[in-house]
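Listed here are the chains, written in short residue letters.
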Amino acid sequence: MNLSDSRTAGQPVRRVSAMEAVLAHLRDAIERGEYAIGDKLPSEAELCRTLEVSRPVLREALRALQTMGLTVSRTGKGTFVVASTVEDPTFGDYSASDLLEVRRHVEIPVAGYAARRRTPENLDHLAHLLDRMERETDTTAWVAMDTLFHLAVAEAAQNPVFRRVIEEIRDALARQSAFLNELGGRREQSNREHRAIVEALTDGSENDAVEAMAHHLDRVETTLTDIVRSPRTDSDLPTEGEPQA
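## Brief notes about empty space enclosed by the protein
Step number 1: Inspection of every chain in the model, using the stated rule, returns one cavity of 30 Å³ or more.
Step number 2: Taken together, 14 residues make up the lining of the largest cavity; nearest its centre are Arg103, Asp146, Ser177, Leu180 and Val220.
Step number 3: Where the lining of the largest cavity is concerned, the elements lending two or more residues are α6 (139-156), α8 (170-184) and α10 (206-229).
Step number 4: For the lining of the largest cavity, the per-class residue count stands at four nonpolar, seven polar and three charged.

## Remarks on the pairing of strand β2 (residues 78-81)
Step number 1: By the bridge criterion, four bridges tie strand β1 (residues 71-74) to β2 in an arrangement that is antiparallel. The partner of Ser73 across the bridge, within β2, is Thr79.

## Looking at the side chain of Glu193
Step number 1: For Glu193, the position within the fold is in helix α9 (residues 187-203).
Step number 2: Given the relative accessible area of 4%, Glu193 is considered buried.
Step number 3: Glu193 has contacts with Arg186, His215, His216 and Arg219, leaving out every residue within four places of it along the chain.

## Focus on the nonpolar core
Step number 1: In this structure, Val153 and Leu201 are the most contacted members of the largest nonpolar core, which totals 70 residues.
Step number 2: In contact with Leu201, other than residues within four places in its own chain, are Ala111, Ala114, Ala115, Arg118, Leu123, Leu126, Val153 and Ala209.

## Details of helix α1 (residues 18-31)
Step number 1: For α1, which comprises 14 residues, the first-to-last C-alpha distance of 20 Å matches the rise-based estimate of 20 Å (1.5 Å per residue) to within 8%.
Step number 2: Among the 14 residues in α1, twelve count as buried, and that is most of the element.
Step number 3: On its buried side, α1 packs onto α2 (44-51), α3 (55-67), β1, β2, α8 and α10.
Step number 4: Following α1 by one or two positions, Gly33 adopts a phi angle in the positive range, close to 90°.

Cut-offs used in this document
- Residues numbered from 1 in each chain as written.
- Predicted model: local features only at pLDDT ≥ 70, side-chain atom pairs only at ≥ 80, totals over all residues.
- Heavy atoms only, no water.
- 1 Å grid on protein atoms, 1.4 Å probe; cavity = no way out; pocket = protein on both sides within 12 Å on 5 of 7 lines; lining within 4 Å.
- Points joined across faces, edges and corners; volume = space filled by probe spheres on them.
- Helix = DSSP H or I, 4+ residues; strand = E, 2+ residues; numbered from the N terminus.
- Nonpolar A, V, L, I, M, F, W, Y, C, P; charged D, E, K, R; others polar.
- Pairing = 2+ DSSP bridges.
- Buried < 20%, exposed > 50% of the residue type's maximum accessible area, 1.4 Å probe, protein only.
- Contact = heavy atoms within 4.5 Å.
- Core = buried A, V, L, I, M, F, W, Y, C linked by side-chain atoms within 4.5 Å.
- Expected span 1.5 Å × (residues − 1).

Below you can see the structure in the form of structure tokens.
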């Protein structure tokens, strides 16, 4: 089965990455009951052969299914279906809803404190980091800098407790960032939102900084909601290697 074979004639094609295509196909199969709760998915070798994709692409899709809470991987046994619908993705030790709730209560006021207390060194560091992020094309490298950006804003608030809190959720932030970029195409939009935060900090505007961070987290929530509620259909699926729009 080639993932491009099921396109509907006459419909505009939304180009997606090969991983997104595999994820959408498997997610749809689970939600339609083709794989019921408790069922074991076919082996990686069988799925690669059937879907005509490479093993790295398949493994990324399987990891995304697990993040969405649809499957669980059992060492030496395979991947099993544990839910038929996506409820609340999990990033490391934390659910998306718990993570966002804490981020709103911490990072929004932190941005306000940072606008009042930031030093020239803080601003230089943030500006340099943002410039690198806007030039970066590798998702893994960008995600690493994304977490550094949020740490740098916490540092600019001049309260070590804030940095400690962000450090605690750093792994979850990175997992969430990678998830949103892979499935939601968030990178360019996130860069613009980060730029607005830095501009507010540079201006020393507490209100603008708070609003900019709140807007950033609103967009994170919206993208997560779109991914959870709007699975793509097979008519959107490309062959492996086709570019993402």
